[in-house]
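So the chains spell out like this:
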There are 4 protein chains.
Amino acid sequence: MALLVEKTSTGREYKVKDMSQADFGRLEIELAEVEMPGLMACRAEFGPSQPLKGACITGSLHMNIQTAVLIETLTALGASVRWCSCNIFSTQDHAAAAIARDSASVFAWKGETLQEYWWCTERALDWGPGGGPDLIVDDGGDATLLIHEGVKAEEEYEKTGKIPDPASTDNAEFQIVLGIIKDGLKVDPKKYHRMKERLVGVSEETTTGVKRLYQMQANGTLLFPAINVNDSVTKRKFDNLYGCRQSLPDGLMRATDVMIAGKVAVVCGYGDVGKGCAAALKQAGARVIVTEIDPICALQALMEGIPVLTLEDVVSEADIFVTTTGNKDIIMVHHMRKMKNNAIVCNIGHFDNEIDMLGLETYPGIKRITIKPQTDRWVFPETQTGVIVLAEGRLMNLGCATGHPSFVMSCSFTNQVIRTA
Amino acid sequence: MALLVEKTSTGREYKVKDMSQADFGRLEIELAEVEMPGLMACRAEFGPSQPLKGACITGSLHMNIQTAVLIETLTALGASVRWCSCNIFSTQDHAAAAIARDSASVFAWKGETLQEYWWCTERALDWGPGGGPDLIVDDGGDATLLIHEGVKAEEEYEKTGKIPDPASTDNAEFQIVLGIIKDGLKVDPKKYHRMKERLVGVSEETTTGVKRLYQMQANGTLLFPAINVNDSVTKRKFDNLYGCRQSLPDGLMRATDVMIAGKVAVVCGYGDVGKGCAAALKQAGARVIVTEIDPICALQALMEGIPVLTLEDVVSEADIFVTTTGNKDIIMVHHMRKMKNNAIVCNIGHFDNEIDMLGLETYPGIKRITIKPQTDRWVFPETQTGVIVLAEGRLMNLGCATGHPSFVMSCSFTNQVIRTA
Amino acid sequence: MALLVEKTSTGREYKVKDMSQADFGRLEIELAEVEMPGLMACRAEFGPSQPLKGACITGSLHMNIQTAVLIETLTALGASVRWCSCNIFSTQDHAAAAIARDSASVFAWKGETLQEYWWCTERALDWGPGGGPDLIVDDGGDATLLIHEGVKAEEEYEKTGKIPDPASTDNAEFQIVLGIIKDGLKVDPKKYHRMKERLVGVSEETTTGVKRLYQMQANGTLLFPAINVNDSVTKRKFDNLYGCRQSLPDGLMRATDVMIAGKVAVVCGYGDVGKGCAAALKQAGARVIVTEIDPICALQALMEGIPVLTLEDVVSEADIFVTTTGNKDIIMVHHMRKMKNNAIVCNIGHFDNEIDMLGLETYPGIKRITIKPQTDRWVFPETQTGVIVLAEGRLMNLGCATGHPSFVMSCSFTNQVIRTA
Amino acid sequence: MALLVEKTSTGREYKVKDMSQADFGRLEIELAEVEMPGLMACRAEFGPSQPLKGACITGSLHMNIQTAVLIETLTALGASVRWCSCNIFSTQDHAAAAIARDSASVFAWKGETLQEYWWCTERALDWGPGGGPDLIVDDGGDATLLIHEGVKAEEEYEKTGKIPDPASTDNAEFQIVLGIIKDGLKVDPKKYHRMKERLVGVSEETTTGVKRLYQMQANGTLLFPAINVNDSVTKRKFDNLYGCRQSLPDGLMRATDVMIAGKVAVVCGYGDVGKGCAAALKQAGARVIVTEIDPICALQALMEGIPVLTLEDVVSEADIFVTTTGNKDIIMVHHMRKMKNNAIVCNIGHFDNEIDMLGLETYPGIKRITIKPQTDRWVFPETQTGVIVLAEGRLMNLGCATGHPSFVMSCSFTNQVIRTA
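Conventions adopted
- Residues numbered from 1 in each chain as written.
- Chains lettered and ligands numbered in written order.
- Predicted model: local features only at pLDDT ≥ 70, side-chain atom pairs only at ≥ 80, totals over all residues.
- Heavy atoms only, no water.
- UniProt positions renumbered as here; feature names shortened; annotations may be inferred.
- Least-squares fit on C-alpha atoms with pLDDT ≥ 70 in both.
- Contact = heavy atoms within 4.5 Å.
- Domains from an automatic or database assignment.
- Buried area = accessible area lost by both parts, 1.4 Å probe.
- Salt bridge = Lys/Arg side-chain N within 4 Å of Asp/Glu carboxyl O.
- Helix = DSSP H or I, 4+ residues; strand = E, 2+ residues; numbered from the N terminus.
- Nonpolar A, V, L, I, M, F, W, Y, C, P; charged D, E, K, R; others polar.
- Polar contact = N/O pair within 3.5 Å; in protein donor to acceptor, adjacent residues only side chain to side chain.
- Buried < 20%, exposed > 50% of the residue type's maximum accessible area, 1.4 Å probe, protein only.
- Pairing = 2+ DSSP bridges.
- Right-handed = clockwise from strand over helix to strand, strands pointing away.
- Axes fitted to C-alpha atoms, helices over the stretch in contact; angles between N-to-C directions.
- Phe/Tyr/Trp six-rings, centres within 6.5 Å; stacked < 30°, edge-to-face > 60°.
- Lys NZ or Arg CZ within 6 Å of the ring centre and 35° of its normal.
- Parallel < 35°, antiparallel > 145°, perpendicular 65-115°, else oblique.
- Expected span 1.5 Å × (residues − 1).

Looking at an unreviewed UniProt entry, one finds chain A named Adenosylhomocysteinase, with Nyssa sinensis as its source organism. In the Function (unreviewed entry) part of its UniProt record, chain A is described as follows: "Adenosylhomocysteine is a competitive inhibitor of S-adenosyl-L-methionine-dependent methyl transferase reactions; therefore adenosylhomocysteinase may play a key role in the control of methylations via regulation of the intracellular concentration of adenosylhomocysteine." Turning to chain A, the UniProt record has this under Pathway (unreviewed entry): "Amino-acid biosynthesis; L-homocysteine biosynthesis; L-homocysteine from S-adenosyl-L-homocysteine: step 1/1."

Here's what the structure looks like:
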């Protein structure tokens, strides 16, 4: 898509896939409102007093139907909102269209390139000359990252005149981030400084983003206050656990139609997300095996009758592999080579580095067969057997299905609204 | 769609939605083959001896990916095949296209009108002047019904010259059946007699069709031998139970994205299908209630901690209603009027008469809002609350998702192949 | 115990462990009556018409609290009753005492020797000169066996004058049976003939007994009509399944106090009993493995996420072994030698030949340490590791706990009463 | 029993029920050692360095088989130990005998009166003129309470010469505590002061005791350091959850033999203990209802398909009631009056004040029928219906069964040992 900002008849900026889906999006938003009593109660309780009146809020969080209800709760409390997704596959285009038409500036579509993704993030942060945002609703910390990297580059530039060099990193995605900052620097060398100064703070949604923030806090590099929404019990013990318990099988079924009963399924990690995934698979009739390095979590798995093994132990006999760790390099290409034909490999942790996608893509002679979007079969040349990778290694519940169901997101997002308001 | 038979370059007849989806269908058929060891073993074991060589087989059974593997197993054993679906919503268009292009005459698409449905059934039975079929693979008994009604009409016509009168029945669908027979009678008044004479027999897939056959047998009106595939243990205790355990939540999630955990779900009927549905809902975190008139099944529900109540007891407090009975008039419009706003009503029994769709459609002042195909919200005028009806009251797992997963259909269909061969 | 028949003040014969426990037994019988609505409804419905008036009924069925309610239902319908247990460990002495004092002739105590067991069986069949029984309520077929062997011996004696020779068999238990018949023959050479002639029939409770009866029917040796109570759906699909689901963990816990969660448990056989056992263990947090030779049952286990392996595969890594097959020689001494220290071995099938007790007892150098009655640790000399065998290889739920709970026995026994009445 | 301290041949003090059970206790202790790898690893790792050499440890914690392994781990690390139980019904007499004979001073038997209970506690704290203890291992805080009350009384006495007056309180148990202190004061008015001074601290096992300690800390009345063992994840998330998941059904079955499947069971409280209980009952086939005042826990119950209601809503239709709250006055006599005949009422929280035993005992005209020890049926005069109360309202898993299984207690007790050592 050409990266041009569009405007509604009322002058609000947006960039979405297909504005004609706005009516469909509105219908599903109305259904979701019934399922999201927490957010609707916020509107009823806080709406009259308009606690967010005048606040400029930027969100970087999966632009789907549930998030649409969050956004319209923020606007119902008085805020102005700009939004992007925090995952290239997680946008629901009808939700994006409805919000763009009716309520907020949205820059998001399903199937962004990484270049498009960061352009959208930049747009969502761009409140124009009046400045902003006042608050960030972040999920995974990409909006926060962009500001931190921007401020760092501006400081360097001010001191030494040096501009960021994308070629200074091997990481393809970080090259794009540096490119965006570099381009911005030329136009306005104080943009991110102004943002930092105006920002009241960020509320962070997920484990991965929270870890990044604690790291920055420890390093002394955190530039503004941050609220850890993730560790609210109504987030972590609900969204992570019960959300994944539903959306993992949902994603598996939509992507592959595979029968779960009778399969051997490996869940890497038995934290809250892993517990939800393991429960779902077990209940659907799979034989579940867990890999886990934390001894407490490992013992919990055993108490539920789930064996704890290493990936090496089971890599050649399992049918389904799910990463839930929040760490990187969990399933490597050398693992995937040993898997059974048509083994399914997917990730439901936040970032796409749990599965060694780079190793897979660059494996000599490998063949990628796209069954349908977000469902690829990768065939190894030696064996002519393939693994089926979902959502290109990204969050499979958002890439292959529609993410967590509304009710549990209401539990999560109500934290966001209350912390924000 | 214009009801014109098309032909492949090799001269095979077909009528499908979109032949360009054949490649996509082929990819998914190849995935399904790995998941259907029973059928593939039939090909390996019986293929060389070609036990179906020369046999003309008509199938009336959901034209989806799994059925595609069944059809190509029948052709691998030597048969010629013509196929239609047994449900207006159950066809997967890419599966239909792949089979039409590569293997058999297919007349089926997702979203047929009833007129189109019976036209397709007639086409699947029409083997031209050479005659046929030799065998019918039936699911629900519609192909068998058409032949029986055709023979009856032909006999009446021969004796009295009377032709069938569609106006003689109130049943909209049966009017169409009579219309088709009437039109056929003018062209060839012996067509169904010839079919009956050539037919070796029918193998029937499902409970509902089997009940019809036993009734005809009891009445002395059954015209040819029939094999009850449904009651094979590898069908009834697998397909009905484990198939529905997966495809019910699949259909619910694809159609509505609703969170199942925390909901009150009513399963009408606790036979094999009901047991599978109740297990799925319970495991996903719903509070399940069963309605059941059979005392043994009711006691089984209680032994699993599931209360057995009447629909009246719970109609106004439940969130999800599923009919699984195989009987008619289970959920009536007067029930639906009392339901909570956005209660979900769906059917996973064979026919669409478990839910009172006619009562709903003709309710004065009712408003139908189509959220997306096969997901409608019906709003009652008095309360402005609505119920969400899936797949227009037809099989929701096939209408809203892709039906049972491959492995369990392999268990079912292998019976069909072995009985046929 | 000295094998002398005692008499109540009213002249009713009995032999029980301790008559002073009758009050305690009566209290528990009264509790059980509340839990056994089927039997109590029989009393209410059929009591007034006294359908069993004058009938002499012999029962050979675990003499516990639940059976006590059965016996008093039979007497409430007019019958006279004599009773023995069908397992040397299954009697509850307080139940036996209460019934002996109040209602029927009981010959049973917990911990009979085999000699005592068959003496009790003979007593229960001995209705004196007036003759009887009219009906037998059998469980496992031992009462039926005794009559058949008796008749056979009497015929042989009549023809050839030959009396049975216990030394003609290696089977220790059958030697006792022959001994009893031999002794009886001297006193009354027509006793079993008269029984056979008077007998209206036997109703048989369990799978094993039913198999014996079908075998005799096939051989043409069955001497009187038999009713298969076992295959009533309210017996087989309730008692076997739900009964064992509760009484297996009950027996395990009372005998060993072992934590089930985290253990590897092997269930040999996945019929109705095996399904109940596997469900119980899985739910308690064990990792369950099934051994099964029937392909349908094996596939059912897989659909529930339970691996199906051979005993050899898992013998050295499992913690708990349960036999449920109804066949013999399932767990042999060579298996037990390979087990982990303190592995638990038990049987919940009907007879005690599923576990190779003879092999264990005669293993050179083996040491038996009785932890408490029905809980023995057998220590192998080579390794000094031991296995814990419950109830000496007999029904562990009756030997180590109190058998199935009342409600499910009400479902079973109500069949017995209705068939009998 | 006469409250006289006895002595072993080696001069160690004790008071147990029956020393002849020591061999049986030893056998079960040896079995338990295999199941308690955490404690055995402590012996292996810390035994050689004797970190507890010379330490005098008093324990007030259920004197059963698992605790026996704990005690012998403490002595293996060099400690001298005196022990009492923290519940009048929780002692296993064979465990007490084995420890008294072989390892430590034990003052405990199953079925103590409250007077005996506090006498035992006093004995366990009485290290004679040499003084002690150095450490307390407490469960529920009774040993800690006695010292605190003792110190308070001694201070008052020193200042004002006033001695404690048992008549100053209505609480029957506290009258006994005051009586003991009063008697002690006459003999040695500085006993508890010397204890306090020597004490290094207490490690507290359970939620209830921890709450008491935090309260004392907040009040500034806590006299010595305390370690909260309860909130170790390997205690609270294992012992409370998985322990109760096994020992609740164990207690129910041993006490009543009732069938759990098909019953309606109310679990009061859905904390860790309640979660374990609800899981056990649900899995056994009961329909579970939860009462809960904490909104997060209530929502968790709903997410598992468990309805959350008030006790009033369900009091007359449920079959089984379990209190798990750690609070008092949960099930009152006015509730029990409304229950179904033979409803089972039991408590698995720490103290016996969750169930209104006083109200029950003093209900006019009530009749108590003891079925067997720890299983009483209380019959109301108006209705002649009764409720069955387990363990007189005290911990039913310890009163009616043998408490938590060894493995999970190993997880708990290993914390105790490591904190102590």
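Here the narrative resumes.
**Q** Help me understand the relation of the copies chain D and chain C, please; the structure alone is not making it clear to me.
**A** The relation between the two copies of this chain is a rotation about an axis and a shift parallel to it. Take chain D, turn it by 180°, move it 0.0 Å along the axis, and it overlays chain C with an RMSD of 0.1 Å. Here the symmetry operator amounts to a two-fold rotation axis. Comparing interface residues between copies, 100% of those in chain D also sit at the interface in chain C, which points to an isologous, same-surface contact.

**Q** Which parts of the structure should I look at to understand the domain arrangement of chain A?
**A** One frequently used descriptor of interface size is the decrease in accessible area upon assembly of the parts. Residues and elements named next belong to chain A. The domains assigned to chain A are domain 1 (6-231) and domain 2 (244-400). In this complex, domain 1 contributes 16 residues to the contact, which on the side of domain 2 involves eleven residues. Here domain 1 meets domain 2 over a buried area of about 1100 Å², counting both sides, of which 57% is carbon and sulfur. Where domain 1 touches domain 2, the interface holds zero salt bridges. Element by element, the count of residues in the side of domain 1 that touches domain 2 is highest for helix H9 (residues 207-219), at three residues. Looking at the side of domain 1 that touches domain 2, its residues break down into four nonpolar, seven polar and five charged.

**Q** I'm lost on the interface of chain A and chain B in this one. Help?
**A** Taken together, the contacts link 34 residues of chain A with 34 residues of chain B. Where chain A abuts chain B, roughly 3000 Å² becomes buried across the two surfaces, and 58% of that area is made up of carbon and sulfur atoms. Counting the contacts that link chain A with chain B gives six salt bridges. A salt bridge links Arg254 of chain A to Asp257 of chain B; its shortest N-O distance comes to 2.9 Å. The tally of links from chain A across to chain B stands at 14 residue pairs in polar contact (both at pLDDT 80 or more).

**Q** Would you mind going over the pattern of salt bridges with me for this structure?
**A** Opposite charge on two side chains allows them to pair when their charged atoms are near. Residue and element names in this part refer to chain A. The full count for this structure, using the stated rule, is 118 salt bridges over all chains. When the shortest N-O distance is used, the salt bridge between Asp272 and Arg236 registers 3.2 Å. Of this pair, Asp272 sits in helix H11 (residues 272-283) while Arg236 is found in helix H10 (residues 233-256), placing the two residues 36 residues apart along the sequence. Under the relative-accessibility criterion, Asp272 is labelled buried at 12%. Two residues, Arg394 and Asp352, come together in a salt bridge whose shortest N-O distance is 3.0 Å. You can see Arg394 sitting in the loop between strand E15 (386-390) and helix H16 (396-399) and its partner Asp352 sitting in the loop between strand E12 (343-347) and helix H15 (357-361), a full 42 residues away along the chain. Judged by its relative accessible area of 13%, Arg394 is buried. By relative accessible area, which is 23% here, Asp352 ends up partly exposed. Among the charged side chains, a network of salt bridges with common partners joins Asp23, Arg26, Glu72, Arg101 and Asp102.

**Q** Could you clarify how one ought to interpret the pairing of strand E12 (residues 343-347) of chain D in this entry?
**A** Consecutive side chains along a regular strand alternate between the two faces of the sheet. Residues and elements named next belong to chain D. Burial analysis of E12 places five of its five residues in the buried class, the great majority of the element. On E12, burial covers both faces: Ala343, Val345 and Asn347 on one face and Ile344 and Cys346 on the other are all buried. With four bridges joining them, strand E11 (residues 320-323) and E12 adopt parallel strand pairing. Its bridge partner being in E12, Thr323 is matched across the sheet by Asn347. Crossover connection from E11 via helix H14 (residues 333-338) to parallel E12: handedness right-handed. Here three bridges tie E12 to strand E15 (residues 386-390), and the two strands are oriented parallel to one another.

**Q** Before we go on, may I ask you to explain the environment of Ala108 of chain C in this structure?
**A** All names here are of chain C. With respect to the helices and strands, Ala108 occurs in the loop between strand E5 (105-107) and helix H5 (114-125). Owing to a relative accessible area of 0%, Ala108 belongs among the buried residues under this scheme. Separated by 195 residues in the primary sequence, Ala108 and Met303 place their C-alpha atoms 43 Å from one another. Those residues within four positions of Ala108 in sequence are excluded, and the remaining contacts are Lys15, Val16, Lys17, Met63, Ser85, Thr91, Asp93, Ala96 and Cys120.

**Q** Would you explain helix H12 (residues 295-303) of chain B in this entry?
**A** Three or four residues apart is the spacing at which side chains of an α-helix point the same way, because the helix has 3.6 residues per turn. Within H12 of chain B, burial applies to Cys297, Ala298, Leu299, Gln300, Ala301 and Met303 of chain B. Looking at the packing, one finds that the buried side of H12 of chain B touches helix H11 (272-283) and strand E10 (287-291) of chain B together with helix H10 (233-256) and helix H17 (406-420) of chain C. The backbone nitrogen of Ile296 of chain B lies 3.1 Å from a side-chain oxygen of the residue at the head of H12 of chain B, namely Asp294 of chain B.

**Q** Sorry if this is basic, but what is going on with the sheet that holds strand E3 (residues 56-60) of chain D here?
**A** Whether parallel or antiparallel, the strands of a sheet pair through hydrogen bonds between backbone atoms. Residue and element names in this part refer to chain D. Ordered by their spatial adjacency, six strands build an open sheet running E5-E4-E3-E6-E7-E8, and the pairing between neighbours is parallel. Because the sheet does not close on itself, it has two edges, and the strands there are strand E5 (105-107) and strand E8 (226-228). The mean inter-strand angle of the sheet, taken between neighbouring strand axes irrespective of direction, is 15°. Strand direction decides the pairing type here: E3 and strand E4 (residues 80-84), joined by five bridges, are parallel.

**Q** Honestly, the side chain of Asp257 of chain C in this entry has me stumped. Any pointers?
**A** The topology assignment puts Asp257 of chain C in the loop between H10 and strand E9 (264-268). There is a polar contact of 2.8 Å between the side chain of Asp257 of chain C and the side chain of Arg254 of chain D. With sequence-adjacent residues up to four places away left out, Asp257 of chain C is seen in contact with Leu252 of chain C together with Glu28, Arg254, Thr402, Pro405 and Ser406 of chain D.

**Q** Help me understand the packing of aromatic side chains, please; the structure alone is not making it clear to me.
**A** The way to describe two aromatic rings as a pair is by their centre distance and the angle between their planes. Within the structure shown, the criterion is met by 16 aromatic pairs over all chains. An angle of 85° between the planes, with centres 5.3 Å apart, marks the rings of Tyr117 of chain D and Trp118 of chain D as edge-to-face. The pair Tyr117 of chain D / Trp118 of chain D is uniform in exposure class, with both members buried. If you follow Arg82 of chain C out to its NZ or CZ, it ends over the ring of Trp127 of chain C, 5.8 Å from the centre.

**Q** Please clarify how the interface of chain D and chain C should be interpreted in this entry.
**A** On the side of chain C, 34 residues touch chain D, which itself brings 34 residues to the contact. Roughly 3000 Å² is buried in total at the junction of chain D and chain C, and carbon and sulfur atoms are behind 58% of that figure. Taken together, the connections running from chain D to chain C amount to six salt bridges. Every element with two or more residues in the side of chain D that touches chain C is listed here: helix H1 (22-35), helix H10 (233-256), strand E13 (367-372) and helix H17 (406-420) of chain D. Split by residue class, the side of chain D that touches chain C holds 17 nonpolar, eight polar and nine charged.

**Q** Even after reading the chapter, I still don't get the relation of the copies chain A and chain B, so can you show me in this structure?
**A** Placing chain A over chain B gives an RMSD of 0.0 Å and needs a rotation angle of 180°, together with 0.0 Å of translation along the axis. Taken as a fraction of all interface residues of chain A, those also at the interface in chain B reach 100%, which identifies the copy contact as same-surface.

**Q** So what exactly am I meant to see when it comes to the packing of helix H5 (residues 114-125) of chain A against helix H6 (residues 142-160) of chain A here?
**A** A packed helix pair is summarised by two numbers, namely the angle formed by the two axes and the spacing between the axes. All names here are of chain A. Running from N to C, H5 and H6 cross one another at 80°; their axes reach a closest spacing of 10 Å. Our classification of the angle between H5 and H6 gives roughly perpendicular. For the pair formed by H5 and H6, the contact residues are Tyr117, Trp118, Thr121, Glu122 and Leu125 on the first element and Asp142, Ala143, Leu145, Leu146 and Ile147 on the second. Split by residue class, the contact of H5 with H6 holds seven nonpolar, one polar and two charged.

**Q** Can you walk me through helix H3 (residues 65-76) of chain D in this structure?
**A** All names here are of chain D. The end-to-end C-alpha distance of H3, which contains twelve residues, comes to 16 Å, matching closely the 16 Å that a straight helix rising 1.5 Å per residue would cover. A large share of H3 lies buried, amounting to ten of its twelve residues. Inspection of H3 places Ile65, Gln66, Thr67, Ala68, Val69, Leu70, Ile71, Glu72, Thr73 and Leu74 among the buried residues, and these make up the whole buried set. If you follow the buried residues of H3, they end up packed against H1, helix H2 (37-46), E3, E4, helix H4 (93-102) and H17. Taken from the residues just after H3, Gly78 is the one with a positive phi, measuring 110°.

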